[in-house]
Amino acid sequence: MSTINRGPLGSAFLVGREQPASAPAEPQADTSAPPRASFLSGELVKSIAEVKGQAQFLLYLADQIEDSLHQLVDEHDDSQNAFLCRVLSMYSAQLESKHHGLGDKIAETCQEVYVTVREFDLA
């Protein structure tokens, strides 16, 4: 007869039940090598997330510029055209300034990836 006990984290498991003969044994972990997750620093994960966020923002800006340009061509109201021109100037200034920052962040992230791969290869 089996009984249910609670594990240290509140999970339930059966006690007194044998593993069936057909079930494969769990593989033993290799304790000689450091765990693979230890190669991924929090800084590298954060850096990659920042690159992705900045790239998504640049894509958003490019989409907004494209949409605004189409509106500018289709619009025949002078005040609306003046507004669209200001919006386009703002978007293009943001695109120009943010792309420089993204290039620097990409270079830093690639350097961290290179170091991580070297550490992994040496382990």
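Being a predicted model, the structure only gives us computed values, none of them experimental. (Residues numbered from 1 in each chain as written. Predicted model: local features only at pLDDT ≥ 70, side-chain atom pairs only at ≥ 80, totals over all residues. Heavy atoms only, no water.)

(A) Examining the nonpolar core more closely. Of all hydrophobic cores here, the largest spans eight residues; its members are Val 51, Leu 58, Leu 61, Ile 65, Val 87, Leu 88, Tyr 91 and Leu 102. Of all the secondary-structure elements, those providing two or more residues to this core are helix H1 (42-74) and helix H2 (78-122). (Core = buried A, V, L, I, M, F, W, Y, C linked by side-chain atoms within 4.5 Å. Buried < 20%, exposed > 50% of the residue type's maximum accessible area, 1.4 Å probe, protein only. Helix = DSSP H or I, 4+ residues; strand = E, 2+ residues; numbered from the N terminus.)

(B) Local environment of the packing of aromatic side chains. Across all of its chains, the model carries one aromatic pair by this definition. With a centroid separation of 6.3 Å and 25° between ring planes, the pair formed by Phe 57 and Tyr 60 is classed as stacked. With Phe 57 and Tyr 60 both in helix H1, this residue pair falls three residues apart, about one helical turn. Take Phe 57: its relative accessible area is 32%, and that puts it in the partly exposed class. (Phe/Tyr/Trp six-rings, centres within 6.5 Å; stacked < 30°, edge-to-face > 60°.)

(C) Representation of the side chain of Thr 116 within the structure. Along the polypeptide, Thr 116 turns up in helix H2. A residue is classified by how much of its surface remains accessible, and Thr 116, at 12% relative accessible area, is buried. Engagement of the side chain of Thr 116 in a polar contact is seen with the backbone oxygen of Glu 112, the distance being 2.9 Å. (Polar contact = N/O pair within 3.5 Å; in protein donor to acceptor, adjacent residues only side chain to side chain.)

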